[in-house]
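Chain by chain, the residues run as shown.
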Amino acid sequence: MGALQTYNVNVDWTGADERGTASYTSYSRDHEVRVEGKPTLLATSDLKVRTDVSRYRAEELFVGALAQAQMLWLLRIAAKRDIVVTGYSDKATATQRVEGAGSGPFVEVVLRPHVTYGDPGITEELAARLHHEAREYNHLARSVGFPVIVEPVPVPVASA
């Protein structure tokens, strides 16, 4: 078994007022997510009750974390294999099943990375192997109980 690593995150509810949670619709869901020495993330609830849509939602950050881990693993694998990546973007999509009380589990996350390589001769097969290996190492994707699917945007065919 490997060494254990600890992450410390502070979450503080900033939407409290003198009424507190007197009723479901009376309180703000605004809160802050802080990690020491880093900018504060302004966050809120995903529900449409008293939320500030300009703030991050836990669900968005969760999907972003899965996509971020996939990207970082792919970059690491490419660098170790002397494969130059010059660009990476992802348009991730998550599906959540809404059950009673307006909550429910995520059922799937689909990552759609678009990678630009420095070598125009990178083949579709090599790119697929890199994405597959990155998905196998993606520690966050391995930690959830639903599929995290990687559907990379095809590598452009090098022109002759």
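This report concerns the structure included in the present document. Quantities reported herein were computed from a predicted structural model and do not represent experimental measurements.

## Section: the side chain of His131
Along the chain, His131 turns up in helix 2 (residues 124–137). Sequence-distant contacts of His131, that is, excluding residues within four places in its chain, are made with Gln70, Leu74, Pro113, Val115, Tyr117, Val150 and Pro152.

## Digging into the sheet that holds strand 4 (residues 56–57)
The strands that make up a sheet pair up through hydrogen bonds in the backbone, lying either parallel or antiparallel. Ordered in space as 1-2-3-4, the four strands form an open sheet in which the pairing is mixed. Every interior strand has two partners, whereas the edge strands, strand 1 (10–13) and strand 4, have only one.

## Description of the nonpolar core
Leu74, Ile83, Tyr117, Ile122 and Leu130 are the most contacted members of the largest nonpolar core, which totals 14 residues. Of all the elements in the fold, those that place two or more residues in this core are helix 1 (58–80), strand 8 (113–117) and helix 2. In this structure, Val63, Leu66, Ala67 and Phe146 belong to the second largest nonpolar core, which totals ten residues.

## Concerning the sheet that holds strand 7 (residues 106–111)
Across the sheet, which stays open at both edges, the three strands sit in the order 6-7-9 with mixed pairing between neighbours. Two strands in the sheet have a free side with no partner beyond their single neighbour: strand 6 (93–96) and strand 9 (148–150). Going from strand to strand, the sheet's axes swing by 15 degrees on average, the running direction of each strand aside. Bridge analysis of strand 6 against strand 7 gives four bridges, and the strand direction is antiparallel. In the strand pairing of strand 7, Ala94 is matched with Val109. The strands that helix 1 touches are strand 6, strand 7 and strand 9; relative to strand 7, the one it contacts most, it runs at about 45 degrees.

Conventions and cut-offs
- Residues numbered from 1 in each chain as written.
- Predicted model: local features only at pLDDT ≥ 70, side-chain atom pairs only at ≥ 80, totals over all residues.
- Heavy atoms only, no water.
- Helix = DSSP H or I, 4+ residues; strand = E, 2+ residues; numbered from the N terminus.
- Contact = heavy atoms within 4.5 Å.
- Pairing = 2+ DSSP bridges.
- Core = buried A, V, L, I, M, F, W, Y, C linked by side-chain atoms within 4.5 Å.
- Buried < 20%, exposed > 50% of the residue type's maximum accessible area, 1.4 Å probe, protein only.
- Axes fitted to C-alpha atoms, helices over the stretch in contact; angles between N-to-C directions.

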